[in-house]
Amino acid sequence: MNASARPVLVRAGSAETLQDGATSLITLLADSDRTQGALTANRAGLRKGSPGAPAHFHTKATEMFFVLGGSLRVLLGDQIVTLETGDFVTVPPRLPHAFAPARGEEADVLVAFTPGMDRFDYYRLLERVHLGEATVEDIKASSEQYDNHYHASSLWEAELADD
């Protein structure tokens, strides 16, 4: 075991929670600086009708989704799968993906990246955009910094248009 590695304990009552949209919350659990780069983790709470996250990809990290409750639609390249409570999926680097709750459902999801990547400031930026304190252009300008690259997906757009 690495002598400098330390456990990361986050109590539910002290976790920072951000509102990144009218129908979604992000609870920050552990960023890469706290895990010696091993992982980054958050909890996403998506209410009915939430648009979730648009199609995007990461170049350096695998992203994982574990559904704690509800039902989640996930774009995985050229297919869409629906995950139910207890389901888990990994998304390798460079694979375009997106997610939103299934139609008429909510989703409570544990999201993790490995290796860790500094994401918490990205989520804070999303909240500032929601509050009108930053713009979508600010998000676009941060794509390299946060390894979050948006990707056009007609399949995902059609999926959301059916809502």
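Use the structure listed above.
Everything quoted here is computed from the prediction, not taken from an experiment.

S.K.: So what exactly am I meant to see when it comes to the overall build of the protein chain here?
M.R.: Check the secondary structure of the protein chain and you find four helices and 10 strands. Reading the protein chain from its N terminus to its C terminus gives the helix and strand order β-β-β-β-β-β-β-β-β-α-α-α-β-α. Computed over its C-alpha atoms, the radius of gyration of the protein chain comes to 15 Å, within 12% of the 15 Å expected for a compact globule of 163 residues. Its C-alpha atoms put the protein chain at 50 × 35 × 30 Å along the principal axes. Within the protein chain, buried positions represent 42% of all 163 residues. Long-range pairs, those at least 24 residues apart, make up 70% of the contacts in the protein chain between residues at least 6 apart in sequence. For the protein chain, the accessible surface area stands at approximately 8600 Å², while carbon and sulfur atoms represent 53% of it.

S.K.: Looking at this structure, how should I read helix H1 (residues 120-130)?
M.R.: Structural remark: α-helix, 3.6 residues per turn; residues separated by three or four positions point the same way. Burial in H1 covers these residues: Phe-120, Tyr-122, Tyr-123, Leu-125 and Leu-126. Two residues or fewer past H1, Gly-132 is found with a positive phi of approximately 80°.

S.K.: Mind showing me how you'd approach the environment of Arg-43 here?
M.R.: On the secondary structure map, Arg-43 appears in strand S3 (residues 40-46). Along the primary structure Arg-43 and Val-10 are separated by 33 residues, whereas in three dimensions their C-alpha atoms are 12 Å apart. Not counting residues within four places of it along the chain, the set of residues in contact with Arg-43 comprises Leu-25, Ile-26, Thr-27, Leu-29, Leu-68, Asp-108 and Val-109.

S.K.: Just to check I follow, could you spell out the pairing of strand S4 (residues 53-57) for this structure?
M.R.: Each regular strand shows side chains that alternate between the opposite faces of the sheet. Buried residues dominate S4, accounting for four of its five residues. Pairing analysis gives two bridges linking S4 to strand S8 (residues 97-101), with the strands arranged antiparallel. From the neighbouring strand, His-56 faces S8, where its bridge partner is His-97. Pairing of S4 with strand S10 (residues 149-150) involves two bridges; the strand directions are antiparallel. Looking across to S10, one finds that Phe-57 is bridged to His-149.

S.K.: I would appreciate a short explanation of the environment of Pro-7 in the present structure.
M.R.: Along the polypeptide, Pro-7 turns up in the segment before strand S1 (17-21). Along the primary structure Pro-7 and Thr-35 are separated by 28 residues, whereas in three dimensions their C-alpha atoms are 7.9 Å apart.

What counts and what doesn't
- Residues numbered from 1 in each chain as written.
- Predicted model: local features only at pLDDT ≥ 70, side-chain atom pairs only at ≥ 80, totals over all residues.
- Heavy atoms only, no water.
- Helix = DSSP H or I, 4+ residues; strand = E, 2+ residues; numbered from the N terminus.
- Rg over C-alpha atoms; globule rule 2.2 N^0.38 Å.
- Buried < 20%, exposed > 50% of the residue type's maximum accessible area, 1.4 Å probe, protein only.
- Contact = heavy atoms within 4.5 Å.
- Areas by Shrake-Rupley, 256 points an atom, 1.4 Å probe, with all protein chains shown as cover.
- Pairing = 2+ DSSP bridges.

Geometric descriptors of this kind do not, in isolation, establish any biological role.
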